Amino acid sequence: MKLNDHPTVKRYNERKASATLPATPLKLTARELREMCLESGTDDVGFVEITRPSLADQKADILNLFPWTRTLISLAGRLNRENLRSPARSIASLELHQVEERLIHAARTLATALERKGVRASTPAPGFPMEADQWGCGKMHVVSHKPIAVAAGLGKMGLHRNVIHPVFGSFVLFNTVLIDAEVDEYDSPLDYNPCLDCKLCAAACPTGAIGPDGFFHPVNCLTHTYRELIGGFTDWVENVADSKNSIDYRSRTSDAETVSMWQSLAYGPCYKSVYCLAVCPAGDEVIPQYLEDKKAFIEAVVRPFQQKTETVYVLPGSDAESHVLCKFPHKKIKRVGNGIRPSSVASFLHSMPLAFQRHRSEGLGATYHFTFSGIEEVEATVVIKDKSIKIERGHAGVADVRIYADAKTWLRVLRKETSMLKQILLRRIRIKGPLKLFKAFGKCFA
Ligand code: B12
Ligand code: SF4
């Protein structure tokens, strides 16, 4: 049979001749698209063109995977407040899973409807699954929903580094649908920030990851909140592998922790804290309770999280550990690993600001010149001053300490596969300058 005689091809040619095939590229009206989004089960929506300058840093990544993208549809899913405010982790986690599921379903329903209209549409996950093979060497998530939601006018970043919706406040999750059609009207960012700068999120965060000055420490947050996810799971597996027998395993992991890990695997992850969202009074729907009686709000909403007796997971010697000891002495500290270990010198340099424990660097002011050789030949300058860190490629300024290292050996030390002292004695790592300053450098990274 010739291709043109095939029934499917014949039907295609007939539809083409009668012009019932949609013309491309399509232009959708914002009104019609908004209605479709709300019908699919989302609570709010906004549209952004792929060329929006505020999204320039993720445009290449998006186009690499979806070269046909013209418009980004940001979908918002409202979270029920009292579930998120419950100190019971099972209740708050279930609320997050349910809204995430709803956003996945809504995005897919919308994509199906759009595809039937001849519009190409793709729906990356709101959270998981992610590109897990990128763990330790790049960005695991396909799309960053927060900047898209901000560009789409669905909210602004609060002190806690989450997007606050003008009505739902912090009780909101986001998803994004990518389409190949243009929309006749795009949305603009909000002209104000719903964040009140009340700093309740900083007061409630058990790890101190949210600073009252706006500093955010993603790694200290992840080590606790994600104890049963990604890197926390890796650390648990290694504990199993390192245990000599069941008694040794039980000395490392309590029965409750083992059961909790099973529960996370079977029913979706248990987030150890979402306190920053739960205590936030911002947003039209949320603010009345706060404005009517601020003291009562703090007693009813913030205090239960602060008073909760619970285990807080910290990196040994981190700012999070000092924070728990100082602010929440009644909480139990458990020193753990978080599975984050650089796989290259490039990722070591990239991840350094994320791992930097600023309070541990107090009083330190020094410039470090790194020279890596072997599998990666890289020069870099690290300046630690005034509790902040700056990294640049090449050697800049005058070095207080110069570090020469075989790249592979340096990574093995970071991965705790060999000791720094041994490698210094073997001269695979050489330090020029005061050893005291080199030790102080190490202390800044728990
Ligand atoms: C990575 C990530 C995290 C990381 C980093 C958080 C962060 N602020 O970026 C960790 C594990 C700490 C985290 C924790 C939480 N997250 Co989260 N997370 C994401 C994810 C996958 C990407 C975030 C992103 O775009 N970052 C880039 C830019 C925009 O963020 P930024 O704050 O300007 O910059 C930070 C990051 O670049 C980060 N970073 C860069 N590289 C790396 C590498 C690693 C390993 C880490 C840890 C961080 C990191 O460091 C920067 C400094 O803070 C999104 C889902 C998605 N696909 O978008 C959800 C998302 C941001 N998370 C969300 C939520 C709800 C949470 C939690 C409450 C816990 C939970 N249940 O998941 C906490 C809240 C912590 C907080 N106060 O921010 C929601 C936020 C909703 C909202 N209203 O804004 C999102 C949008 C998921 C969703 N679909 O709704 N999250
Ligand atoms: S709790 Fe207060 S400071 Fe923190 S994000 Fe909400 S409004 Fe802003």
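Every chain begins its residue count from 1, and numbering advances along the sequence as written. Going through the entries in the order they are written, you letter the chains from A and number the ligands from 1. Owing to the predicted nature of the model, reporting of local features is limited to residues with pLDDT of at least 70; listing and counting of side-chain atom pairs is limited to 80 or more, with chain, interface and lining totals taken over all residues.

(A) Looking closely at the overall build of the protein chain. Per the convention used, a helix needs a DSSP run of H or I reaching at least four residues, while a strand needs a run of E reaching at least two, with both numbered from the N terminus. A tally of regular secondary structure across the protein chain gives 19 helices and 15 strands. Dimensions of the protein chain along its principal axes, counting C-alpha atoms only, are 80 × 60 × 50 Å. Exposure is read from a count of other C-beta atoms within 10 Å of each residue's own; the residue is exposed at 12 or fewer, buried at 20 or more and partly exposed in between. C-beta atoms are placed from the backbone. Looking at the protein chain as a whole, 35% of its 446 residues qualify as buried. The contacts of the protein chain with a sequence gap of at least 6 include a subset with a gap of at least 24, amounting to 72%. Our contact criterion uses C-beta atoms placed from the backbone: two residues qualify when those atoms are within 7 Å.

(B) Here's a closer look at the domain arrangement of the protein chain. Residue ranges for the domains trace back to a domain assignment, done automatically or taken from a database. If you check the domain split of the protein chain, you get domain 1 (22-183), domain 2 (200-330) and domain 3 (345-443). Centre-to-centre, using C-alpha coordinates, domain 1 lies 39 Å away from domain 3.

(C) Examining the sheet that holds strand 12 (residues 378-385) more closely. A pair of strands is considered paired only if DSSP assigns at least 2 bridges between the two. Spatially, five strands are ordered 13-12-11-14-15 in an open sheet, and the strand pairing comes out mixed. Edge positions in the sheet fall to strand 13 (388-393) and strand 15 (429-432), since each of these pairs with one other strand and no more. This sheet shows a mean twist of 15 degrees between the axes of neighbouring strands, independent of strand direction. Here six bridges tie strand 12 to strand 13, and the two strands are oriented antiparallel to one another. Bridge pairing in strand 13 places Lys-385 opposite Ser-388. The axes used here are C-alpha line fits, helices contributing only the stretch in contact, and every angle between their N-to-C directions lies in the interval 0 to 180 degrees.

(D) A look at the site of ligand 2. We call a residue near a molecule or strand when its C-beta atom, built from the backbone, sits within 6 Å of it. The local shell around ligand 2 holds 14 residues, among which Gly-158, Cys-195, Cys-198, Cys-201 and Cys-280 are the closest. Amino acids are sorted into nonpolar (Ala, Val, Leu, Ile, Met, Phe, Trp, Tyr, Cys and Pro), charged (Asp, Glu, Lys and Arg) and polar (every other residue, Gly among them). Along the lines of polarity and charge, the residues of the shell around ligand 2 split into nine nonpolar, three polar and two charged. In this structure, the shell around ligand 2 is formed jointly by two domains, domain 1 (22-183) and domain 2 (200-330), each of which donates at least three residues.

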